[in-house]
Amino acid sequence: MSEPVRLVVDAARCDGHGICALRCPELVTLDEWGYAGVDPGTVPDGRVLRRARRAAAACPAQALSFVAVRPAPADLRVIRAGPPPTAGAPRNGPGAVVRVHNQGHAGG
Ligand code: SF4
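Conventions adopted
- Residues numbered from 1 in each chain as written.
- Predicted model: local features only at pLDDT ≥ 70, side-chain atom pairs only at ≥ 80, totals over all residues.
- Near = placed C-beta within 6 Å.
- Nonpolar A, V, L, I, M, F, W, Y, C, P; charged D, E, K, R; others polar.
- Core = buried A, V, L, I, M, F, W, Y, C linked by C-beta atoms within 7 Å.
- Buried ≥ 20, exposed ≤ 12 C-beta atoms within 10 Å, placed from the backbone.
- Helix = DSSP H or I, 4+ residues; strand = E, 2+ residues; numbered from the N terminus.
- Contact = placed C-beta atoms within 7 Å.

**Quick notes on the site of the ligand**
Lining the immediate surroundings of the ligand are 14 residues, of which Cys 14, His 17, Cys 20, Cys 59 and Ala 61 lie closest. Broken down by class, the residue content of the shell around the ligand amounts to 10 nonpolar, three polar and one charged.

**Thoughts on the nonpolar core**
Across soluble globular proteins, nonpolar side chains have a tendency to be buried as a group. Core analysis: the biggest nonpolar cluster contains 16 residues, and Cys 20, Leu 27, Val 28, Ala 52, Ala 55 and Leu 64 have the highest contact counts within it. Secondary structure elements with two or more residues in this core: strand S1 (5–9), strand S3 (36–38) and helix H2 (46–58). Per element, the largest residue contribution to this core is three residues, and it comes from H2. Not counting chain neighbours up to four residues away, the residues in contact with Cys 20 comprise Val 28, Ala 36, Ala 55, Cys 59 and Leu 64.

**Section: the environment of Val 28**
Position of Val 28 among the secondary structure elements: in strand S2 (residues 28–30). For Val 28, a count of 24 C-beta atoms within 10 Å corresponds to the buried category. As a C-alpha pair, Val 28 and Val 38 span 10 residues in sequence and 4.6 Å in three-dimensional space. With residues near it in sequence (within four places) discarded, Val 28 still touches Cys 20, Ala 21, Ala 36, Val 38 and Ala 55.

Written out as structure tokens, the structure is:
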């Protein structure tokens, strides 16, 4: 699996057929009326992704889709850090500045 993705359900389209939960119980649960609820996390591995794709393909309402998960602040790397700044502390010098460098975020 190259790019992390999440399975999402369009609640306005979901008709409560329940097929998705049978195809991919790792990510989909049904509420008491049979409408789908999807795990908000990323699809954990290729095996679950294949099952999720089958669930999406089987959905009669075409209510399931995938969204790519963009790299987020986990990519932020502290390049200089010190103790927390205190009132009146210099803006430069040891302990005064914490800068982060965003690696790989395309912006947007
Ligand atoms: S198969 Fe589609 S319509 Fe049925 S519960 Fe799942 S998401 Fe909703």
